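# Architecture and fold: a report
The chain contents come next:
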Amino acid sequence: MSAPRKNVVVFDYGFGNVRSAERALARAGADVEITRDYDKALNADGLLVPGVGAFASCMTGLREARGDWIVDRRLSGGRPVMGICVGMQILFARGIEHGVESEGLDEWPGSVEPLQAEVVPHMGWNTVDAAPGSRLFAGLDPDARFYFVHSYAVHDWSLETHNPAIEAPKVTWSTHGKPFVAAVENGALWATQFHPEKSGDAGAQLLTNWIGTL
């Protein structure tokens, strides 16, 4: 008998490519629902938080949909959450756009700041330097390429774990001008700066890996 398919909610708060995420997750083997329903988002096997546009606008939309409460409650209970693109950025403490600082969810310390590169936005395919022991990138070719579209990123990772009983976060990097955080695996909270739902077979494998941990 095959294992039951995992239920994943794509949180629909008005700032994400929810349909492409839905299709990619279904391709990766999940039962997917697009909703902002509080109970469904809270109780699903996995919650995916997409994000496009400006950091401050995404945070406003997320709060209006009670997404900040949902993410916090899920993580308090060790229930998996995955952020994509700006859905990853808002997990950090703050975002700085056009000199204006906005508060994020503060699940991780750090600032989302403008990319330091000659060409901005960073748009197109790029490789990553996957963290040793990564489950998110398990089975993927080290030269696999992923699709990025962003003008802001986190350039410095400052969260450290000194308790040997707690697994240290796994941080994956990429480079566009200066190195930036491309993905994080931290307990129940995972995230990618790139778009796995637009990254072909490599992105499909990555989502399959995430679903396999739910």
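Residues numbered from 1 in each chain as written. Predicted model: local features only at pLDDT ≥ 70, side-chain atom pairs only at ≥ 80, totals over all residues. Heavy atoms only, no water.

The condition that has to hold: UniProt positions are given in the numbering used here, feature names are shortened, and annotations may be inferred rather than shown by experiment.
Within an unreviewed UniProt entry, the label attached to the protein reads Imidazole glycerol phosphate synthase subunit HisH, and the organism entered is Streptomyces levis. We quote the UniProt Function (unreviewed entry) comment for the protein here in full: "IGPS catalyzes the conversion of PRFAR and glutamine to IGP, AICAR and glutamate. The HisH subunit catalyzes the hydrolysis of glutamine to glutamate and ammonia as part of the synthesis of IGP and AICAR. The resulting ammonia molecule is channeled to the active site of HisF." Comment text from UniProt for the protein, heading Subcellular location (unreviewed entry), reads "Cytoplasm".

### As for the overall build of the protein
Here is the rule we go by: For the purposes of this entry, the term helix denotes a DSSP run of H or I that reaches at least four residues, the term strand denotes a run of E that reaches at least two, and both are numbered from the N terminus. Partly exposed describes any residue whose relative accessible area lies between the buried limit of under 20% and the exposed limit of over 50%, with all areas from a 1.4 Å probe on protein chains only and scaled to the type maximum. A contact between two residues is defined here by any heavy atoms of the two lying within 4.5 Å. Here, Shrake-Rupley sampling with a 1.4 Å probe gives the accessible areas, and only protein chains in the shown set may cover a residue. By the counting rule applied here, Lys and Arg register as positive and Asp and Glu as negative, while His and the ends of each chain are not counted. Charged groups are reduced to one reference atom each: NZ for lysine, CZ for arginine, CG for aspartic acid, CD for glutamic acid.
Of the regular secondary structure elements, the protein holds six helices and 13 strands. For the protein, the spread of C-alpha atoms along the three principal axes comes to 55 × 40 × 40 Å. For the protein, buried positions account for 50% of its 214 residues. Long-range pairs, those at least 24 residues apart, make up 70% of the contacts in the protein with a sequence separation of at least 6. Carbon and sulfur atoms form 48% of the exposed surface of the protein, whose accessible area is close to 9900 Å². Side chains of the protein give 18 positive and 26 negative charges; the mean places of these two sets differ by 6 Å.

### Some details on the pattern of salt bridges
Basically, it comes down to this: Each reported salt bridge corresponds to a side-chain nitrogen of Lys or Arg within 4 Å of a carboxyl oxygen of Asp or Glu.
For the structure on display, the rule yields five salt bridges. We note a salt bridge from arginine 5 to aspartate 31, for which the minimum N-O separation is 2.9 Å. Within this pair, whereas arginine 5 is found in the segment before β1 (7-11), its partner aspartate 31 is found in strand β2 (residues 31-35), the two being separated by 26 residues in sequence. Across the pair lysine 40 and glutamate 33 runs a salt bridge whose closest N-O atoms are separated by 2.9 Å. Judged by relative accessible area, which is 29%, glutamate 33 ranks as partly exposed.

### Describing the environment of leucine 207
Its place among the elements puts leucine 207 in helix α6 (residues 200-212). Not counting residues within four places of it along the chain, the set of residues in contact with leucine 207 comprises Ala24, Leu25, Ala28, Met82 and Pro196.

### Remarks on the nonpolar core
Stated formally: The criterion is simple. A nonpolar core is a set of buried Ala, Val, Leu, Ile, Met, Phe, Trp, Tyr and Cys residues joined through side-chain atoms within 4.5 Å.
Counting 67 residues, the largest nonpolar core has Leu47, Phe137, Phe146, Leu206 and Trp210 as the members making the most contacts within it. Apart from residues no more than four positions distant in its own chain, leucine 206 is found in contact with Met82, Leu136, Phe137, Leu140, Phe146, Thr192, Phe194 and Pro196.

### Considering the sheet that holds strand β3 (residues 46-49)
Inclusion rule: Here, any two strands with at least 2 DSSP bridges between them count as paired. Axis definition: a line fitted to C-alpha atoms, limited for helices to the stretch in contact. Angles are taken between N-to-C directions and run from 0 to 180 degrees.
With respect to topology, seven strands assemble into an open sheet ordered β2-β1-β3-β4-β13-β12-β11, the strand pairing being mixed. Among the strands making up the open sheet, the edge pair consists of β2 and β11 (170-176). Neighbour-to-neighbour, the strand axes of this sheet turn through a mean angle of 25°, independent of strand direction.

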